[in-house]
Amino acid sequence: MRPILLALLVALAAAGGGAAVVGFGVYDVSAINQHTGPVYWVLDIAMNRAVATRSTPVPEADEEASRRGLALFRDHCVQCHGAPGVAPQPFALGMTPVPSNLVATAREWDAARVHWVVERGLKMTGMPAWRYRFTAQQLRDVTAFVMRLPELTPMRYRELAAAAPAPAAPADPAQRPGDPQRGREAFRQYGCASCHRVMRISGARQHVGPPLDGLAQRRYLAGMLPNTEENLVRWIRFPQQVDPRSAMPDLGVGPQRARDIAAFLQTLE
Amino acid sequence: MARRASPAASIAGLIGAALLAGCAGEPPAAARGRSLVQAHGCGACHVIPGVPGARGRAGPSLEAVGRRAYLGGVVPNSREGMARWLAQPRHADPGTAMPDLGLTVAEAEAMAAYLSMLR
């Protein structure tokens, strides 16, 4: 019995110590200092293992894909990651972790892992999920370009970046009825949780706008539109057109995503 | 469904309602505001913690409305802002379905005193 008792005491002490660190605000969460050595070590392993385990192979990319990816990279990635001979923007240098130099990433990682992180992002690192900003093709294109980074001289990068045309705007045509499951993911990806409380979504606890629990039963949207699917989609997409005085911003939600979000909101009873 | 989704909120609401109904810590203005909220039928359109029968679903729930950043999605929330919004919602936002109830300034202020306490 005694070893069990001892183990129990040690576990209790560890749990108590952990609770004290959290409760008394002991841990430095500022971006000035990196995590402590042991914490960084554990998080780094957890991140690398999760990406390696979850990523799946991506098709071989051709020259054309990487050429298209260059324009996306220049417009959406350089600001934080820099490029050969190009520094990140000053704000990005203040991030912790500082966004990776992708030349190093491409030398060490395979395309599958790069694609996984580009598409899904990494929570609490500042790396966004690009799934809702890029098409599937664009995700592959930008991955293809990142994988080519180590071959480029800084001069060559500069020439290519200067010559690349603006990337095509991603299209999101409404093709199917709203899907609540996808809508739930889109709800988070369009920042809805920053302002609206939804009990069943963790992290959606803000009271900037009204709570959306019970939305399915609400008669009016935005205090002025009858609560129909069509109106909900319209309100999600063009709030400033519906009510120019509203604090709800236009978040650039495409028609299909808006349908999905509306379908999700209609499940909130 | 609603009951299952928010047991914690319901309990918090009940406790809040019990505290308010107990009148132990409720300032007189807020107590007056609460009866005005009831008398003017705000509960016909809004769920309002602490107000019996306030289960309307036309507008948003007023649960935690004291913490809300904007009223009607338009007016920055403060005690004064809320009183103005209650007194003349259509002045702040002509398109709103929230009606002008013909409240006096004092009435609107008392109601704001109560509603601001919902946190």
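Residues numbered from 1 in each chain as written. Chains lettered and ligands numbered in written order. Predicted model: local features only at pLDDT ≥ 70, side-chain atom pairs only at ≥ 80, totals over all residues. Heavy atoms only, no water.

1. Some details on the confidence of the model for chain B
Low-pLDDT stretches of the model should not have their predicted coordinates read in fine detail.
Residue and element names in this part refer to chain B.
Here's step 1: The pLDDT averaged across chain B works out to 85; a share of 80% of its residues lies at or above 70.
Here's step 2: When the criterion is pLDDT under 50, residues 1–5 qualifies, and its contacts beyond four places in sequence or with other chains add up to four contacts.
Here's step 3: Predicted complex, confidence summary: ipTM 0.76, pTM 0.82. (pLDDT = per-residue confidence, 0-100. Contact = heavy atoms within 4.5 Å.)

2. As for the environment of Gln79(A)
Residue and element names in this part refer to chain A.
Here's step 1: Examined against the element boundaries, Gln-79 turns out to sit in helix H4 (residues 78–81).
Here's step 2: Residue class for Gln-79 comes out partly exposed when judged on its relative accessible area of 27%.
Here's step 3: Distance from Gln-79 to Leu-93, taken between C-alpha atoms, is 10.0 Å for residues 14 residues apart in sequence.
Here's step 4: Residues contacting Gln-79, with those up to four places away along its chain left out, are Arg-74, Pro-88, Gln-89, Phe-91 and Ala-92.
Here's step 5: In this structure the side chain of Gln-79 is engaged in a polar contact, spanning 3.0 Å, whose partner is the backbone oxygen of Asp-75. (Helix = DSSP H or I, 4+ residues; strand = E, 2+ residues; numbered from the N terminus. Buried < 20%, exposed > 50% of the residue type's maximum accessible area, 1.4 Å probe, protein only. Polar contact = N/O pair within 3.5 Å; in protein donor to acceptor, adjacent residues only side chain to side chain.)

3. Overview of the interface of chain B and chain A
Here's step 1: With 25 residues of chain B at the interface, the matching set in chain A holds 21 residues.
Here's step 2: Taken together, both faces of the contact between chain B and chain A bury some 2,000 Å²; the carbon and sulfur share is 54%.
Here's step 3: The interface formed by chain B and chain A holds one salt bridge in total.
Here's step 4: Across the pair Glu63(B) and Arg197(A) runs a salt bridge, and its minimum N-O distance is 3.0 Å.
Here's step 5: Counting every contact that joins chain B to chain A gives nine residue pairs in polar contact (both at pLDDT 80 or more).
Here's step 6: Every element with two or more residues in the side of chain B that touches chain A is listed here: helix H1 (2–5) and helix H5 (89–92) of chain B.
Here's step 7: The residue inventory of the side of chain B that touches chain A, partitioned by class, reads 13 nonpolar, seven polar and five charged. (Buried area = accessible area lost by both parts, 1.4 Å probe. Salt bridge = Lys/Arg side-chain N within 4 Å of Asp/Glu carboxyl O. Nonpolar A, V, L, I, M, F, W, Y, C, P; charged D, E, K, R; others polar.)

4. Side note on a nonpolar patch on the surface
Here's step 1: The grouping of Val21(A), Phe24(A), Val26(A), Tyr27(A) and Val29(A) at the surface amounts to a nonpolar patch, some 540 Å² of accessible area in total.
Here's step 2: Topologically, Tyr27(A) is positioned in the loop between helix H1 (2–23) and helix H2 (37–54). (Patch = residues over 30% accessible without salt bridge, like charges linked within 9 Å, V, L, I, M, F, W, Y side chains within 5 Å. Areas by Shrake-Rupley, 256 points an atom, 1.4 Å probe, with all protein chains shown as cover.)

5. Focus: the packing of aromatic side chains
Residues and elements named next belong to chain A.
Here's step 1: Scanning the model with the defined rule gives six aromatic pairs over all chains in all.
Here's step 2: Taking the centre distance of 6.4 Å and the plane angle of 40 degrees together, the rings of Phe-145 and Tyr-157 count as tilted. Residue Phe-145 is found in helix H8 (residues 136–148), and its partner Tyr-157 is found in helix H9 (residues 154–163); the two are separated by twelve residues along the sequence.
Here's step 3: Assessed through its relative accessible area of 4%, Tyr-157 is described here as buried.
Here's step 4: Members of the aromatic cluster, connected to one another through ring pairs, are Phe-73, Phe-145 and Tyr-157. (Phe/Tyr/Trp six-rings, centres within 6.5 Å; stacked < 30°, edge-to-face > 60°.)

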